[in-house]
Amino acid sequence: MTPTAKKRFLKKLAQAKIFILGPKVATTGARCPVFLDQRRMFSDPEILKIIGQELGKIIQQLKPAPDLIAGGETAGLPVATLVSLFTNCPMIYVRKEAKGHGISNLVEGQYHQGAKVVLVDDAFSFGQGKRAFITTLKKFGLKVIAVAVVINCFERRRVPGYLRIPVYWLVSWRELALYLNQQQLLSHDLLELTLDFLKNPSVWQSDKKRWEWWQRVKPKLDKYDGK
Amino acid sequence: MIKDQLLQTVCQVENYLCLSPILTSVGPIPFSQDNRILFSHPPVFRQIIKALADKMHQEKLKVDFLVGAETAGIPIAAALSLETDIPFIYVHKKRKQKGNMSFGQGDFEKGSVACLIDDVISAGRTKKLLINNLQEEGIKVCDILVIWAVSAHFWTKEWGWIRRNGLRLHYLFTMEELTSAQIKYRGLSPQLGKTMLDFVRFPETWQGNNEKWRKYIHEIEKLNIKPPKFISELL
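For clarity, every value in this text was computed on a predicted model and none was experimentally measured.

Calculation criteria
- Residues numbered from 1 in each chain as written.
- Chains lettered and ligands numbered in written order.
- Predicted model: local features only at pLDDT ≥ 70, side-chain atom pairs only at ≥ 80, totals over all residues.
- Heavy atoms only, no water.
- Helix = DSSP H or I, 4+ residues; strand = E, 2+ residues; numbered from the N terminus.
- Rg over C-alpha atoms; globule rule 2.2 N^0.38 Å.
- Buried < 20%, exposed > 50% of the residue type's maximum accessible area, 1.4 Å probe, protein only.
- Areas by Shrake-Rupley, 256 points an atom, 1.4 Å probe, with all protein chains shown as cover.
- Lys, Arg positive; Asp, Glu negative; His and termini not counted.
- Charge placed at Lys NZ, Arg CZ, Asp CG, Glu CD.
- Contact = heavy atoms within 4.5 Å.
- Salt bridge = Lys/Arg side-chain N within 4 Å of Asp/Glu carboxyl O.
- Polar contact = N/O pair within 3.5 Å; in protein donor to acceptor, adjacent residues only side chain to side chain.
- Nonpolar A, V, L, I, M, F, W, Y, C, P; charged D, E, K, R; others polar.
- Pairing = 2+ DSSP bridges.
- Phe/Tyr/Trp six-rings, centres within 6.5 Å; stacked < 30°, edge-to-face > 60°.
- Lys NZ or Arg CZ within 6 Å of the ring centre and 35° of its normal.
- Axes fitted to C-alpha atoms, helices over the stretch in contact; angles between N-to-C directions.

J.: Teacher, can you tell me more about the overall build of chain A here?
T.: Scanning chain A from terminus to terminus reveals seven helices and nine strands. For a compact globule of 227 residues, the expected C-alpha radius of gyration is about 17 Å, and chain A comes in at 18 Å, within 12% of that figure. Principal-axis analysis of the C-alpha atoms gives chain A an extent of 55 × 40 × 35 Å. Counting every position in chain A, which comprises 227 residues, the buried fraction comes to 57%. Split by element, the accessible area of chain A, about 10200 Å² in all, is 50% carbon and sulfur. Treating the 36 positive side-chain charges of chain A as one cloud and the 19 negative ones as another, the clouds have centres 3 Å apart.

Spelled out as structure tokens, the structure:
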């Protein structure tokens, strides 16, 4: 992504108001003082276009070239669709659990044993979700060669448990927070707290002092309405 | 004519039509057409999206959002959003228990008007559930758009609520049109075609009807398709 394209994308993400205040429990079960509701970005067709093009470019440069794009249920589905349409690379999707009826399986779509797959999703946080998807795809005879996401929350470069598999992304949470601050859409207090959380997410799970800090700055944070 | 061209394209997708019986939530069905296979064929998928966008234009749909029904409706709605520039959201069957704890995912406002998008409609029970979920989020669904709809009265008789609630249902083709096209373009025998269309029109008469199942199995065995185990237990 060129610096200009990245800036344009960050501007779009800021407009989509995906950065919100916590505390929230993320899908992974982690307690978060600040939170990304990144699904809000899907409602801007311009963002969909950028996702398809830019993530598509990354995937087209991969060597060896993948045979398939796999979307992770559920938020990975729109991302996989866009990338597939921009690259012409066929799409499949992978479920968290089987539906238990119908023509339903853990992996949906057309694929063949031994196919090389790029797993795509909206975001990458701690990697447990991706790890589970990769394990499922592997069971179905598919070889995951890379993970590509729109937002890499903690800028992790590898998938835990599958350290050979690289992670590619368009923007990180840190970049978004810095951009919002630069545009005076995010206070310095909240930026500081966010950067600390992004650096030490596991510490935030149990550190009372840090949550006291959050309580202290919360009144100021309330002024941030995500706009 | 355009419809026939699309049907021809769709029917040429390898493995889209599965002639081997499968077990579903409503019991065994002799053959199936797995729409998710279409997602793995970008050129075909693109034509379907184009046809859906044309349909929306022809039928003058005016909505704030395209809502993808979990799960197969999501790729369709996302691609259609790109084609039409109408914002996209998606809806869960069950409320998300973590994160934003919502049924609806995306950037939407209460009072919005939406079109629910899915791959197929049968009795429409899932559609009803999703429309109720969206209502809880303050979104009013006024249109339902799918690739194809079942034809049997056994299913369509349950559609009364759609009209009663002032909803409009749009689809590209019926299951009967799709199945007839499969028979034509896949060059299936008239005997097999006849039994397939009988299932499409009167699925309820297949329940426990060994004679109909045997006739069907006999026809697919001619194509070297081995029926699954559950069928021999059933007959």
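J.: In this structure, what is going on with the interface of chain A and chain B? I would like to understand it.
T.: Note on interface size: it is often stated as the accessible area lost on association of the parts. Taken together, the contact pairs 40 residues of chain A with 42 residues of chain B. With a shortest N-O distance of 3.2 Å, B:Arg36 and A:Glu108 are connected by a salt bridge. Counting across the interface, chain A meets chain B through 12 residue pairs in polar contact (both at pLDDT 80 or more). If you tally residues by element for the side of chain A that touches chain B, the top one is helix α3 (residues 76-87) of chain A, at seven residues. Of the residues in the side of chain A that touches chain B, the class split is 19 nonpolar, 12 polar and nine charged.

J.: Would you take a moment to explain the pattern of salt bridges for this structure?
T.: Side-chain pairs of opposite charge can arise where the charged atoms are in close proximity. Under the criterion given, the structure shown has 25 salt bridges over all chains. One salt bridge in this structure joins B:Glu59 and B:Lys55, with 3.3 Å as the shortest N-O distance. B:Arg95 is the partner of B:Glu136 in a salt bridge, and the nearest nitrogen-oxygen pair spans 3.2 Å. Here B:Arg95 lies in the loop between β6 (88-91) and β7 (104-105) and B:Glu136 lies in helix α5 (residues 125-136), a separation of 41 residues in the sequence. Residues joined by salt bridges that share partners form a network here, namely A:Glu73, A:Arg95, A:Glu108, B:Asp34 and B:Arg36.

J.: Honestly, the sheet that holds β6(B) in this entry has me stumped. Any pointers?
T.: Either a parallel or an antiparallel arrangement is found when strands of a sheet pair, and the pairing is made through backbone hydrogen bonds. Residues and elements named next belong to chain B. The strand order β7-β6-β5-β8-β9-β10 describes an open sheet built from six strands, whose pairing is mixed. This sheet does not close on itself; its edge strands, each paired only once, are β7 and β10 (168-174). Here strand β5 (residues 65-69) runs beside β6; their pairing, made up of four bridges, is parallel. Looking across to β6, one finds that Ala69 is bridged to Val91.

J.: Please explain the packing of aromatic side chains as it appears in this structure.
T.: In this description, an aromatic ring pair is defined by two values, namely the gap between the centres and the angle between the planes. Residues and elements named next belong to chain A. Per the stated rule, a full pass over the model turns up 19 aromatic pairs over all chains. Clustering of aromatic rings is evident, with ring pairs tying together Phe19, Phe126, Phe154, Trp173, Phe197, Trp204, Trp211, Trp213 and Trp214. Sitting over the face of the ring of Trp211, Arg31 holds its NZ or CZ atom 4.4 Å from the ring centroid.

J.: Any chance you could explain the environment of B:Phe45 here in plain terms?
T.: Take B:Phe45: it is sitting in helix α3 (residues 42-58). C-alpha of B:Phe45 to C-alpha of B:Asn35: the two residues are 10 residues apart in sequence and 9.9 Å apart in space. Once residues within four sequence positions are removed from consideration, B:Phe45 is found in contact with A:Thr81, A:Leu85, B:Leu38, B:Phe39, B:Pro75, B:Ile76 and B:Ala79.

J.: Sorry, what's going on with the sheet that holds strand β6 (residues 116-124) of chain A here?
T.: Residues and elements named next belong to chain A. Ordered by their spatial adjacency, seven strands build an open sheet running β5-β4-β3-β6-β7-β9-β8, and the pairing between neighbours is mixed. Of all strands in the sheet, those with a lone pairing partner are β5 (107-108) and β8 (158-159), marking the two edges. Direction of pairing for strand β4 (residues 91-94) relative to β5: antiparallel, over a ladder of two bridges. Bridge pairing links Tyr93 to Glu108 in β5. Most of the contacts of α3 go to strand β3 (residues 68-72), to which it runs at about 160 degrees, and overall it touches β3, β4, β6 and β7 (143-152). In the packing of helix α4 (residues 128-139) onto the sheet, contacts are made with β3, β4, β5, β6, β7, β8 and β9 (162-172), and the angle to β6 comes to roughly 160 degrees.

J.: What is the right way to read helix α8 (residues 175-185) of chain B from this model?
T.: Side chains that are three or four residues apart share a direction in an α-helix, a result of its 3.6 residues per turn. Residues and elements named next belong to chain B. Along α8, the residues that are buried comprise Met175, Leu178, Thr179, Ala181, Gln182 and Ile183. Buried residues along α8 sit against α1 (2-11), β1 (17-18), β4 (32-33), β9 (140-149), β10 and α9 (190-201). Within two residues after α8, Gly187 carries a phi angle of roughly 60 degrees, on the positive side.

J.: When you look at the environment of B:Leu66 in this model, what are you seeing that I'm missing?
T.: Residues and elements named next belong to chain B. Tracing the backbone shows Leu66 in strand β5. Assessed through its relative accessible area of 0%, Leu66 is described here as buried. Separated by 159 residues in sequence, Leu66 and Ile225 place their C-alpha atoms 40 Å apart. Filtering out sequence-adjacent residues up to four positions away, Leu66 remains in contact with Met56, Ala77, Leu80, Ser81, Thr84, Ile86, Pro87, Phe88, Ile89, Cys115 and Ile117.

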